[in-house]
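Working through the structure, step by step
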Amino acid sequence: MRCAVSLLLLLSLLSLSHGYREPGDEADWCDYEQCKLPDCRCSGTDIPGGLPVHQIPQIVMVSFDDAVQDRWKADVENVLSDHKNPNGCPVGATFFVSHEYTSYQLVEEYYSKGYEIASHSISHYSYQDWWKNASEDEWHDEIIGMQTIIHEFANIPTDDIQGMRAPLLQTGGDTTYK
Ligand SMILES: [Zn+2]
């Protein structure tokens, strides 16, 4: 046991001396004099500029992933109707839609109510490595293909389906952006 602890300590020291960090390693102490906006910001819960908390707007983004289904309609509407913006306006939301099990009638209904509709791929493959290694053509087929399906089946103008979210939040780096 003592050997295992010593080996772990040695490996930790070696990794620190080479600037390599393991997940969970503590970050270096941030120097507030060196690290200044807009190029750098020390992480923390302090408000930039030292503004008082009552002057800071709280922005909450509401979004839903995957198939748009009638079975979730009541839950979705509860979330959206239970809250209002401080000015009394209803809250908005974005639906990142994947193909299988989606009710396009409901997608059209959400769109007509003013919610954003976005692409979340056709297949929604559940293999993270597939998305990580997908080619530009595969990304295009999945994301733009889903945009086309939404346009055709939910009768939403293509230009109004602008956003996308990678399934499993797994991007392929630059390939995805291209
Ligand atoms: Zn998803």
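As shown above, the structure is provided for reference.
Residues numbered from 1 in each chain as written. Predicted model: local features only at pLDDT ≥ 70, side-chain atom pairs only at ≥ 80, totals over all residues. Heavy atoms only, no water.

**Side note on the coordination of the zinc ion**
Asp66 (OD), His120 (NE2) and His124 (NE2) make up the full set of protein donors to the zinc ion, lying at 2.0 to 2.1 Å. Of note, the zinc ion draws all its donor residues from one chain, in the sequence arrangement D-x53-H-x3-H. On the criterion of sequence distance, the pair formed by aspartate 66 in the loop between strand E1 (63-65) and helix H2 (73-81) and histidine 124 in the loop between strand E3 (116-119) and helix H4 (128-133) is long-range, its members being 58 residues apart. A relative accessible area of 31% means that aspartate 66 is categorised as partly exposed. (Donors = N, O, S within 2.8 Å, 3.2 Å for Na, K, Ca; no water. Helix = DSSP H or I, 4+ residues; strand = E, 2+ residues; numbered from the N terminus. Buried < 20%, exposed > 50% of the residue type's maximum accessible area, 1.4 Å probe, protein only.)

**Here's the deal with the sheet that holds E3**
Across a sheet, paired strands are connected by hydrogen bonds in the backbone, their directions being either parallel or antiparallel. With parallel pairing, the 3 strands of this open sheet are ordered in space as E1-E2-E3. Two strands in the sheet have a free side with no partner beyond their single neighbour: E1 and E3. Here the average twist between neighbouring strands, direction ignored, is 20°. For E1 and strand E2 (residues 94-97), the ladder comprises 3 bridges, and the chain directions are parallel. Within E2, the residue paired with serine 63 across the bridge is threonine 94. Against the sheet, helix H5 (residues 136-154) engages E2 and E3, with an angle of about 140° to E3. (Pairing = 2+ DSSP bridges. Axes fitted to C-alpha atoms, helices over the stretch in contact; angles between N-to-C directions. Contact = heavy atoms within 4.5 Å.)

**Here we look at the state of the cysteines**
Tallied over the full model, the rule gives 2 disulfides. The disulfide that involves cysteine 30 links it to cysteine 42, with 1.9 Å between the sulfurs. Here the S-S torsion is close to -75°, and the disulfide linking cysteine 30 with cysteine 42 is therefore left-handed. Residue cysteine 30 is located in the loop between helix H1 (2-17) and E1, and its partner cysteine 42 is located in the loop between H1 and E1; the two are separated by 12 residues in the primary sequence. For cysteine 42, a relative accessible area of 4% corresponds to the buried category. For cysteine 35, the disulfide goes to cysteine 40, at an S-S distance of 1.9 Å. Across the S-S bond linking cysteine 35 and cysteine 40, the dihedral sits near -95°, which makes this disulfide left-handed. Sequence-ordered numbering of the disulfide-bonded cysteines in the chain gives the connectivity 1-4, 2-3. (Disulfide = S-S within 2.5 Å.)

**Observations regarding the side chain of threonine 176**
One can find threonine 176 in helix H6 (residues 174-177). Filtering out sequence-adjacent residues up to four positions away, threonine 176 remains in contact with Trp139, Met164 and Thr171.

**Some points on the environment of aspartate 174**
Mapped onto the fold, aspartate 174 is located in helix H6. When the C-alpha positions of aspartate 174 and glutamate 136 are compared, they lie 9.2 Å apart, and in sequence the two are 38 residues distant.

**Considerations on the pattern of salt bridges**
According to the stated counting rule, one finds 5 salt bridges in the structure shown. In this structure, arginine 41 engages aspartate 46 in a salt bridge whose closest nitrogen and oxygen atoms are separated by 3.7 Å. According to the relative accessible area criterion, aspartate 46 is partly exposed, its value standing at 39%. Close ionic contact of lysine 113 with glutamate 109 constitutes a salt bridge, the shortest N to O distance being 3.3 Å. (Salt bridge = Lys/Arg side-chain N within 4 Å of Asp/Glu carboxyl O.)

**Describing the layout of surface pockets**
Volume-wise, the largest pocket comes out at about 300 Å³. In terms of lining residues, the largest pocket is bounded by Gln58, Ile59, Val60, Val62, Val79, His83, Lys84, Asn85, Pro86, Val91 and Gly92. Residues of the lining of the largest pocket, tallied by class, amount to 6 nonpolar, 4 polar and 1 charged. Estimates place the volume of the second largest pocket at around 170 Å³. (1 Å grid on protein atoms, 1.4 Å probe; cavity = no way out; pocket = protein on both sides within 12 Å on 5 of 7 lines; lining within 4 Å. Points joined across faces, edges and corners; volume = space filled by probe spheres on them. Nonpolar A, V, L, I, M, F, W, Y, C, P; charged D, E, K, R; others polar.)

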